[in-house]
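One letter stands for each residue in the lines below.
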Amino acid sequence: MLTKRLARRLTTFDVWSFALGGIVGWGSMVMPGTTFLKRGGTLGTMIAMEIAALIMLIFSYNYAFMIKKFPESGGQFIFAEKAFGRTHGFTCAWFLGLCYIMIIPMNATALCLVFRALSERSIFHFGFHYTVAGYDIYSGEVMLALSALFFFAYMSSRGVKTAGRLQSLFVVLLLAGVVIIMAASFLSPNADRLHLQPMFFPDILEHRNAFVQVISILVLAPWMYVGFDTVPQMAEESSFPTSRAKFIMDTSIICGCFVYVAMTLIAASGIPSGYKDWVSYVNDLPNLTGPSGIATFAAAYNILGDTGIFVISVTALMAMFTGILGFYTATSRLLYSLSRDGLLPSWFGGLNKNAVPFNAILFCALVSLPAPFVGRNALGWTVDMSSIGGAISFGYTSLAAVHFARLEKRTDIMIFGVTGFIFSLTFAFFLLVPTGLECSLEIPSYILLLVWTIAGILLCVKQKHLTA
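What you see is a predicted model, and the numbers here were worked out from it, not measured in a lab. (Residues numbered from 1 in each chain as written. Predicted model: local features only at pLDDT ≥ 70, side-chain atom pairs only at ≥ 80, totals over all residues. Heavy atoms only, no water.)

> Any chance you could explain the overall build of the protein here in plain terms?
Secondary structure summary: the protein contains 16 helices and two strands in total. Taken over C-alpha atoms, the radius of gyration comes to 21 Å for the protein, in line with the 23 Å a tight globule of 468 residues would show. If you line up the protein on its principal axes, its C-alpha atoms span 70 × 50 × 40 Å. Taking all 468 residues of the protein together, 61% fall into the buried category. (Helix = DSSP H or I, 4+ residues; strand = E, 2+ residues; numbered from the N terminus. Rg over C-alpha atoms; globule rule 2.2 N^0.38 Å. Buried < 20%, exposed > 50% of the residue type's maximum accessible area, 1.4 Å probe, protein only.)

So, in structure tokens, the structure goes:
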């Protein structure tokens with residue numbers, strides 16, 4: 001039996017910062033050059049991001065309805081359990097936990113990319129060196145990632161008020177950096193609007209028309225916008241009315257869309273000299289090192305010189321910090337809720353003197369420890385499959401909204417719930433079924449997803465036996 005409760009110490013801006021910080025992690029800084037432009041071009045990415053944001057606003061409608069009914073830590077787990085029972089609640093939480101927890105090491109290991117972008121040879125390229133799945137791993141970078149994991153685990157354990165204020169500071173600096181570089185791109189002669197041409201990626205137009213390119217970006221939505229859904233995880237610690245949750249989620253989604261689009265356009269318009277357009281540049285990215293090796297860094301340097309490198313470095317670090325701290329907080333609350341409900345051992349529900357689920361935070365840190373040793377390419381397999389977790393939790397929340405809306409005869413909620421569930425199924429289909437859009441899981445991801453599923457089944461059966 002737990003003797004302590006979570007404390008209501010989070011302000012509206014704290015929770016909004018957790019939501020936005022979860023959305024715009026390392027991907028907003030790295031993926032414009034490696035993924036977005038290569039899949040959809042400038043216009044294709046803009047269209048896909050905006051459609052994805054609209055879809056997320058539909059999910060937000062469902063989440064807001066459920067938060068008002070059940071403002072408890074656990075969020076989506078509680079929604080699914082109250083609507084469909086403990087097994088469904090555990091299933092939702094198990095896959096959502098996969099989605100959340102994998103984002104922590106991905107942001108921690110992305111820190112090394114910032115320092116790689118600052119020079120031809122990173123200051124952390126020292127000590128033992130080996131390669132996994134084509135990615136070079138250095139002991140210095142391993143130490144950097146591990147230090148980040150333990151530092152933010154410690155800060156998360158200091159209390160939700162401390163974590164909330166720190167997250168708010170990170171988000172303010174992040175947004176300031178994006179706005180500065182975006183504004184400079186309009187004023188600098190080195191950022192040419194003509195560089196935004198072509199609007200789609202021409203090398204693949206023979207095989208994939210503009211519509212297909214938009215779809216190839218759109219199906220990444222469960223991963224790109226995961227973060228707004230951390231709001232229900234923190235409902236129990238929020239000091240404001242639950243009616244404010246929808247505003248928080250909606251505005252975080254809109255701001256997240258702005259950051260993704262802004263960084264993609266900056267990357268395309270500020271390409272280094274020597275390239276005729278962004279197409280030739282992103283095709284050459286695998287061969288480049290230093291600032292030129294990351295499109296957003298190359299653009300910032302081309303637009304503002306050394307000042308641009310400083311601003312983009314701080315912005316990227318803030319994006320990664322918000323991802324680590326935000327998902328430590330959200331994941332630990334999910335594990336805490338599962339423990340409180342008897343679906344995980346009581347150890348996970350232990351609260352420290354700061355009314356924080358410290359054991360759950362420690363578990364997240366320990367699970368993340370192997371990540372720096374296997375490299376980002378191999379770790380990418382777990383991130384791919386974690387997108388399934390986002391789609392599953394969106395689907396469960398939408399169905400739960402339909403369930404309770406039927407009881408209350410709320411037609412509007414039923415429409416949004418059914419629509420959200422259909423989108424969830426669509427996302428899951430494109431992720432699980434090879435369609436030629438380069439968005440389905442790779443073979444290692446399928447294997448890891450199967451292992452995670454089997455582990456969840458075994459744990460669920462064991463806990464049912466223990467609580468029978």
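> Would you take a moment to explain the nonpolar core for this structure?
Soluble globular proteins tend to pack their nonpolar side chains together in the buried interior. Membership of the largest hydrophobic core comes to 164 residues, with the highest contact counts inside it found for M49, M56, M224, Y225, F228 and Y328. Element by element, the count of residues in this core is highest for helix α4 (residues 86-118), at 20 residues. (Core = buried A, V, L, I, M, F, W, Y, C linked by side-chain atoms within 4.5 Å.)

> When you look at the packing of aromatic side chains in this model, what are you seeing that I'm missing?
For any pair of aromatic rings, the description consists of the separation of the ring centres together with the inter-plane angle of the planes. Here the structure, examined in full by the defined rule, presents 26 aromatic pairs. Between W94 and W452, the aromatic rings sit 4.3 Å apart at their centres with planes inclined by 20°, giving stacked as the arrangement. Of the two residues, W94 is situated in helix α4 and W452 in helix α16 (residues 443-467); the sequence distance between them amounts to 358 residues. Note on W452: relative accessible area 24%, which makes it partly exposed. Relative to F363, the ring of F348 has its centre 5.0 Å away and its plane inclined at 75°; by these criteria the two rings are edge-to-face. Pair noted here: F348 is in the loop between α12 (306-340) and α13 (358-368) and F363 is in helix α13, with a separation of 15 residues, a long-range link. Take F348: its relative accessible area is 12%, and that puts it in the buried class. (Phe/Tyr/Trp six-rings, centres within 6.5 Å; stacked < 30°, edge-to-face > 60°.)

> Whenever I open this one, a nonpolar patch on the surface confuses me. Can you help?
On the surface, a cluster of nonpolar side chains totalling about 260 Å² of accessible area is made up of L43, I47, I51 and M199. Structurally, the position occupied by I47 is in helix α2 (residues 27-69). (Patch = residues over 30% accessible without salt bridge, like charges linked within 9 Å, V, L, I, M, F, W, Y side chains within 5 Å. Areas by Shrake-Rupley, 256 points an atom, 1.4 Å probe, with all protein chains shown as cover. Salt bridge = Lys/Arg side-chain N within 4 Å of Asp/Glu carboxyl O.)

> What should I look at first to understand the pairing of strand β1 (residues 129-132) in this one?
Relative to strand β2 (residues 135-138), β1 runs antiparallel, the two sharing four bridges. The residue of β2 that forms the bridge with H129 is Y138. (Pairing = 2+ DSSP bridges.)

> Honestly, unusual backbone geometry in this entry has me stumped. Any pointers?
For residues other than glycine, phi is negative in most cases, and the peptide bonds are mostly trans. Look at A133: it is not a glycine, yet its phi comes out positive at around 55°. Relative to the elements of secondary structure, A133 occurs in the loop between β1 and β2. Look at A355: it is not a glycine, yet its phi comes out positive at around 60°. Note on placement: A355 falls in the loop between α12 and α13.

> It is not clear to me how the side chain of S238 should be interpreted in this structure. Could you clarify?
For S238, the position within the fold is in the loop between α8 (221-224) and α9 (245-269). The exposure class of S238 is buried, given its relative accessible area of 4%. S238 has contacts with R8, L10 and V15, leaving out every residue within four places of it along the chain. (Contact = heavy atoms within 4.5 Å.)

> I tried to follow helix α3 (residues 76-84) on my own but got confused; where do I start?
Judged by how many residues are buried, α3 sits mostly within the fold: seven of nine residues are covered. All of the buried residues in α3 are Q76, F77, I78, F79, A80, E81 and A83. Buried residues along α3 sit in contact with α2, α4, α12 and α14 (371-408). At the C-terminal side of α3, G85 shows a positive phi close to 105°.

> Any chance you could explain the environment of F247 here in plain terms?
Here F247 shows up in helix α9. Here F247 falls in the exposed class, since its relative accessible area comes to 55%. Residues F247 and W16 lie 231 residues apart in sequence; the distance between their C-alpha atoms is 9.1 Å.

> Help me understand the environment of W381 in this model?
Inspection of the secondary structure puts W381 in helix α14. For W381 and S273, which are 108 residues apart along the polypeptide, the C-alpha to C-alpha distance reads 34 Å. Sequence-distant contacts of W381, defined by excluding residues within four places in its chain, comprise A133, E442, P444, S445 and L448.

> Looking at this model, I keep getting lost on the pattern of salt bridges. Mind explaining?
Any two side chains of opposite charge can pair if their charged atoms end up close together. Evaluation of the coordinates by the stated rule reveals nine salt bridges. Measuring nitrogen to oxygen at the nearest pair gives 2.8 Å for the salt bridge that ties R333 to E237. Here the residue R333 occupies a position in helix α12, and E237 occupies one in the loop between α8 and α9, the gap between them amounting to 96 residues. Taking relative accessible area as the criterion, R333 reaches 1% and is therefore assigned buried. Residues participating in the shared-partner salt-bridge network are E81, R86 and D341.

> Please explain the packing of α3 against α4 as it appears in this structure.
Geometry of a packed helix pair, given as the angle between the helix axes and the separation of the axes. One way to put it is that α3 packs onto α4 with a least axis distance of 7 Å and a crossing angle of 160°. In terms of their interaxial angle, α3 and α4 are classed as roughly antiparallel. With respect to the hand of their crossing, α3 and α4 are arranged in right-handed fashion. Across the interface between the two elements, Q76, F77, A80, E81 and F84 of α3 pack against R86, H88, G89, F90, C92, A93, L96 and Y100 of α4. (Axes fitted to C-alpha atoms, helices over the stretch in contact; angles between N-to-C directions. Parallel < 35°, antiparallel > 145°, perpendicular 65-115°, else oblique. Left-handed = near helix turned anticlockwise from the far one by under 90°.)

> Where do I start with the packing of α2 against α9 in this structure?
Direction vectors running N to C along α2 and α9 enclose 175°, while the axes themselves pass 8 Å from each other. With respect to each other, α2 and α9 are oriented roughly antiparallel. Taken together, the residues of the contact of α2 with α9 sort by class into 24 nonpolar, six polar and three charged. (Nonpolar A, V, L, I, M, F, W, Y, C, P; charged D, E, K, R; others polar.)

Geometric values such as these leave the question of function open.
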